[in-house]
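Survey of secondary and tertiary structure
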Amino acid sequence: MTTLTTLDATCSTEEAIAVVERDGGVIIRDFFDADVLKELRSDIDAAMANTPWGQDDFSGHRTKRLYGVFQHTQHAATAVRHPHYAGIAQHFLEVPKPVYVGEDLIELAPNYQVGVTSIIDIHPGEGAQPLHRDDTVWQWRHPEGYRQARVQIMVAVTDFTAENGGTMVVPGSHKWDDDRGPRADEAVPTVMSAGSALIWVGGTFHGGGTNTSDSNRIGLTLGLDLGNLRQEENAYLTYSTEVMKSFDEDIQQLLGWSVCPPGTGFVDYQGTMADPIFLLKDGGEARNSYADFNDDA
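Residues numbered from 1 in each chain as written. Predicted model: local features only at pLDDT ≥ 70, side-chain atom pairs only at ≥ 80, totals over all residues. Heavy atoms only, no water.

Looking at the overall build of the protein
Looking only at helices and strands, the protein features eight helices and 14 strands. For 297 residues, the compact-globule estimate of 2.2 N^0.38 gives 19 Å, and the C-alpha radius of gyration of the protein, at 20 Å, lies within 12% of that figure. Its C-alpha atoms give the protein principal-axis dimensions of roughly 60 × 45 × 40 Å. Looking at the protein residue by residue over its 297 residues, the buried ones come to 51%. Look at the contacts in the protein between residues 6 or more apart in sequence, and 73% of them connect residues 24 or more apart. If you sum the accessible surface of the protein, you get close to 13900 Å²; carbon and sulfur atoms cover 49% of it. (Helix = DSSP H or I, 4+ residues; strand = E, 2+ residues; numbered from the N terminus. Rg over C-alpha atoms; globule rule 2.2 N^0.38 Å. Buried < 20%, exposed > 50% of the residue type's maximum accessible area, 1.4 Å probe, protein only. Contact = heavy atoms within 4.5 Å. Areas by Shrake-Rupley, 256 points an atom, 1.4 Å probe, with all protein chains shown as cover.)

Details of the packing of aromatic side chains
All told, the structure shown has six aromatic pairs when counted by the stated rule. With 5.9 Å between their ring centres and 45 degrees between their planes, Trp176 and Phe205 make a pair best called tilted. With Trp176 in the loop between strand 8 (168-169) and strand 9 (188-189) and Phe205 in the loop between strand 10 (197-201) and strand 11 (206-207), this residue pair connects regions lying 29 residues apart in the sequence. Across this residue pair, the class does not change: Trp176 and Phe205 are buried. Put simply, the rings of Phe70, Tyr239 and Phe247 pair up and form one aromatic cluster. One cation-aromatic arrangement involves Lys64 over Trp53; the distance from NZ or CZ to the ring centre is 4.8 Å. (Phe/Tyr/Trp six-rings, centres within 6.5 Å; stacked < 30°, edge-to-face > 60°. Lys NZ or Arg CZ within 6 Å of the ring centre and 35° of its normal.)

Concerning the pattern of salt bridges
Going through the model one piece at a time under the given rule, you end up with 13 salt bridges. A salt bridge links Glu186 to Arg180, with the nearest nitrogen and oxygen atoms 2.7 Å apart. For Arg180, a relative accessible area of 39% translates into the label partly exposed. Taken together, the shared-partner salt bridges connect Arg180, Arg183, Asp185 and Glu186 into one network. (Salt bridge = Lys/Arg side-chain N within 4 Å of Asp/Glu carboxyl O.)

Considering the sheet that holds strand 7 (residues 150-156)
Strand order in the open sheet made by the seven strands is 1-2-10-7-12-6-3, with mixed pairing throughout. For this open sheet the edge positions go to strand 1 (6-7) and strand 3 (63-67), each flanked by a neighbour on one side alone. With respect to the sheet, helix 2 (residues 34-47) is in contact with strand 3, strand 6 (112-122), strand 7 and strand 12 (217-226), its orientation differing from that of strand 12 by roughly 95 degrees. Across the sheet, helix 4 (residues 83-93) lies against strand 2 (25-28), strand 6, strand 7, strand 10 and strand 12, angled at about 160 degrees from strand 7, the strand it touches most. (Pairing = 2+ DSSP bridges. Axes fitted to C-alpha atoms, helices over the stretch in contact; angles between N-to-C directions.)

Here's the deal with unusual backbone geometry
At the junction of Pro261 and Pro262, the peptide bond is cis and its omega measures out at 5 degrees in the coordinates. Summarising the element assignment, Pro262 is placed in the loop between helix 7 (249-254) and strand 13 (267-269). Positive phi, close to 55 degrees, is recorded for Asp30, a residue that is not glycine. Residue position: Asp30 is located in the loop between strand 2 and helix 2. By relative accessible area, Asp30 is classed as partly exposed at 47%. Non-glycine residue Gln139 carries a positive phi angle of around 55 degrees. Tracing the backbone shows Gln139 in the loop between strand 6 and strand 7. Given a relative accessible area of 64%, Gln139 falls into the exposed group.

With respect to helix 2
Relative to the 20 Å expected for 14 residues at 1.5 Å per residue, helix 2 spans 20 Å between its end C-alpha atoms, a close match to the ideal helical length. Turning to helix 2, its buried residues are Val36, Leu37, Leu40 and Ile44. Within helix 2, the buried residues cover an arc of 95 degrees as seen down the axis, which keeps them to one side. When the buried face of helix 2 is taken as reference, the exposed residues oriented beyond 90 degrees from it are Ala34, Asp35, Lys38 and Ala46. The backbone nitrogen of Asp35 has a side-chain oxygen 3.2 Å away, supplied by the residue at the start of helix 2, namely Asp33. (Expected span 1.5 Å × (residues − 1). Arc of directions from axis to C-beta. Polar contact = N/O pair within 3.5 Å; in protein donor to acceptor, adjacent residues only side chain to side chain.)

If you want it as structure tokens, here you go:
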């Protein structure tokens, strides 16, 4: 394969899922419209003004990276709410599995959360990033039929080309076991216009490309992860409580202020295993998430 499959924004989520199942990633053309893209670029230019260069071969030496993106632009929320991204994440992550609770065999599915956020600005002269799997952060294993731990997105804020460091992807590598590593000649560049998005799964080898052009390449990247895994980016320290309170409740939950069934992430409230979201509400009542789980059972 010499190019990644590109689908129009009018495609169905099922079409996009089928491509990701086959190739490990898909490009959605015009994921953001022109107005959203213009606002995002304005937000990024302001936020990146004082961002330093990277200091290592993985982060880059001619690359600027800014984390904690939800506090810098409202369009981080636009991305995670997009039906294609949310639908693909639900398909790969919210997979029910049978578990016993007492003598009852029930199906239990995890939710998902935001695991990492970043603006990545690759400048001319930057070399290629080592090809890697994002799920290596948990030392994830890849036996046949393994479950995915992450669904990642890269929204192109500028055009992505083979010359300016468009993300290199190894199609089909999400199907490899852990005895096979990637070769540079197996990777293909992400070529897409500004406003388009690459969506891929955590088991797919990829990496930032070499920028041999005379312009920088900017992308907004987010990872949606299984809710019962530790977040790669520590959202509890990245965002102050006051900043977190300014977000809508669905974003608060995605940033970790929620319980993954049956009870991962609870807080104690009057002797119950409570969903922590109530701590961000003035006068809010706590929900006993484990009791809700038992009721559902």
